[in-house]
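# Architecture at a glance
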Amino acid sequence: MTFTDIFDTDVVGRWAAPGRVNLIGEHTDYNDGFVLPLAIDRQTTVTVGRRSDRLLRVASSFEDGVQEASLDALDPAALAGWSAYVHGIAWALGEGARGVPASDLSGAFGLDVFVESDVPVGAGLSSSAALECSVAVAMNDLWELGLDGPALAKIGQRSENDAVGAPTGIMDQSASLLGRVDSAVFLDCRSLDAEVIDLGFAAAGLELLVIDTHVEHAHATGGYVARRASCERGAEALGVSSLRDLGVDDLPRAAEVLDDETFRRVRHVVTENQRVLDTVRTLRLEGPGAIGSLLDASHVSMRDDFEISVPELDLAVATAQATGAVGARMTGGGFGGAAIALVPTDLREAVSAAVVRAFADAGFTAPTLFVVHAAEGARRTA
Ligand code: ADP
Ligand code: MG
């Protein structure tokens, strides 16, 4: 299926935005903390036609049918299904976001949008941000709105929070918009300052292996919402506006004030923030071969303190570690999705085979394994 099978307007351009892998810094974004994601060489592409009316008509290679909404009647409460990720961007542009002025869309023309992607959905690689950001850069260019990457990231988050209804942070959109080849994006989720950090994986003979467990996660519901609530409860009990304001030195006091479960949630966030800072410093001073123990510790913290891992993720991580990975951890929001392992290139096949065998022995669904490279962020491609 192509654009011209569905739409009869002329194509005016193509825009692409990558998915992302979070190298380290999990569940820290909504606590105003630090994250270190990278944009990956898996992306969503939108092919866009210019309409003479004010309709936004959208289709995806993932699903049959065309979803339609008018620029004059974008009601976030009425947006539903996958097309809310597209229509929601137009709505959010018209509304503005924290620190981003509302754009005047009264003169904007309608669009036909065809979506294609090789970012696996629901694997923790943020197919949602890839979709949002490809649409956001396309609309920004075509409607000449003049917003920069950080502003578009906030628009994407606003759309995902208030139009799609998923209470996610700003990390995914920032990675997808600001990523660079062979680099990670070090993001301070409070100031939203972003810094591009050299990874140097290839030069060190390392590769980042993604292990998709195919266990489904549900961001908008259940565990994610409960973890956010625990973090808010912990911050309030400790008298800070967010857990970002606590350091590892504050943990003994937190242990006295909080119940055991809330304390462990808080300890994950506080130590994870420190691990992100340590990873950035280690990358600069010693290179990627030295970050393994930080990745490993992050997994233990998510498994035991934050309790967002599942047996499949634990097995993937343990097997990779046992067969030569420099470090490994689950990545993404948890309750399924993918793990990452930083592996020497010459051990990639052995690690992959061991993981596949371990899953078979455990009676788990066969995982999908693939290598990702840090790639360029959202941009016009044609
Ligand atoms: P992920 O971890 O992949 O971001 P999410 O649940 O946040 O998982 O987002 C996945 C949702 O994004 C899908 O259920 C779908 O609604 C939408 N989506 C992502 N990519 C596409 C696509 N290529 N076509 C249509 N919808 C998509
Ligand atoms: Mg997502």
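Residues numbered from 1 in each chain as written. Chains lettered and ligands numbered in written order. Predicted model: local features only at pLDDT ≥ 70, side-chain atom pairs only at ≥ 80, totals over all residues. Heavy atoms only, no water.

With that settled, consider the overall build of the chain. For the chain, the count of helices and strands is 11 helices and 12 strands. What you see for the chain is a C-alpha radius of gyration of 21 Å, in line with the 21 Å of a compact globule of 382 residues. When its C-alpha atoms are laid out on the principal axes, the chain stretches across 60 × 50 × 40 Å. Taken across its 382 residues, the chain has 58% of its residues classed as buried. Put simply, the chain shows about 14600 Å² of open surface, and 48% of that area lies on carbon and sulfur atoms. (Helix = DSSP H or I, 4+ residues; strand = E, 2+ residues; numbered from the N terminus. Rg over C-alpha atoms; globule rule 2.2 N^0.38 Å. Buried < 20%, exposed > 50% of the residue type's maximum accessible area, 1.4 Å probe, protein only. Areas by Shrake-Rupley, 256 points an atom, 1.4 Å probe, with all protein chains shown as cover.)

The next subject is the state of the cysteines. Counted according to the given criterion, the structure contains 0 disulfides. Lacking any disulfide linkage, C133 is separated from the closest cysteine sulfur, that of C189, by 14 Å. Taking the relative accessible area as the measure of exposure, C133 reaches 2% and is therefore buried. Here C231 stays free of any disulfide, with the sulfur of C189 as its closest cysteine sulfur at 13 Å. (Disulfide = S-S within 2.5 Å.)

Turning our attention to the pairing of strand β3 (residues 55-60). Summarising the sheet, β3 and strand β4 (residues 63-70) pair through 5 bridges and their orientation is antiparallel. Each bridged residue has a counterpart across the sheet, and for R57 the counterpart in β4 is E68. Connecting β3 to the antiparallel partner β4 that follows it, the hairpin turn spans 2 residues. Pairing of β3 with strand β5 (residues 111-117), which is carried by 5 bridges, proceeds in the parallel orientation. What sits directly across from S60, in β5, is V115. (Pairing = 2+ DSSP bridges.)

The next thing to look at is the site of ligand 1. Close to ligand 1 lie 15 residues; S60, G122, S126, S127 and S128 are nearest. Within the side chain of S127, a nitrogen or oxygen atom sits 2.6 Å from an oxygen atom of ligand 1. Look at ligand 1: alone it shows 570 Å² of surface, and the protein chains cover 84% of it. For the shell around ligand 1, the secondary-structure elements that each account for two or more residues are β5 and α3 (127-142). Top element by residues in the shell around ligand 1 is α3. It accounts for 3 residues. When its residues are assigned to classes, the shell around ligand 1 shows 7 nonpolar, 8 polar and no charged. (Near = heavy atom within 4 Å. Polar contact = N/O pair within 3.5 Å; in protein donor to acceptor, adjacent residues only side chain to side chain. Nonpolar A, V, L, I, M, F, W, Y, C, P; charged D, E, K, R; others polar.)

Further remarks concern the packing of aromatic side chains. A full pass over the atoms with the stated rule returns 4 aromatic pairs. Here R42 stacks its cationic end above the ring of F370, 4.2 Å away from the centre of that ring. The side chain of R50 reaches across the aromatic face of F109, ending 3.8 Å from its centre. (Phe/Tyr/Trp six-rings, centres within 6.5 Å; stacked < 30°, edge-to-face > 60°. Lys NZ or Arg CZ within 6 Å of the ring centre and 35° of its normal.)

Here M1 lies in the segment before α1 (3-6). Between the C-alpha atoms of M1 and G33, which are 32 residues apart in sequence, the distance is 42 Å. Sequence-distant contacts of M1, that is, excluding residues within four places in its chain, are made with I6, S60, S61, F114 and E116. (Contact = heavy atoms within 4.5 Å.)

Interface size, as often reported, equals the accessible area lost upon joining of the parts. Taken domain by domain, the chain comprises domain 1 (3-196) and domain 2 (200-372). The distance between the C-alpha centroids of domain 1 and domain 2 comes to 26 Å. At the interface, 34 residues of domain 1 touch 47 residues of domain 2. Surface buried jointly by domain 1 and domain 2 totals about 3200 Å² across both partners, of which 63% is contributed by carbon and sulfur atoms. Summed over the shared surface of domain 1 and domain 2, the number is 4 salt bridges. (Domains from an automatic or database assignment. Buried area = accessible area lost by both parts, 1.4 Å probe. Salt bridge = Lys/Arg side-chain N within 4 Å of Asp/Glu carboxyl O.)

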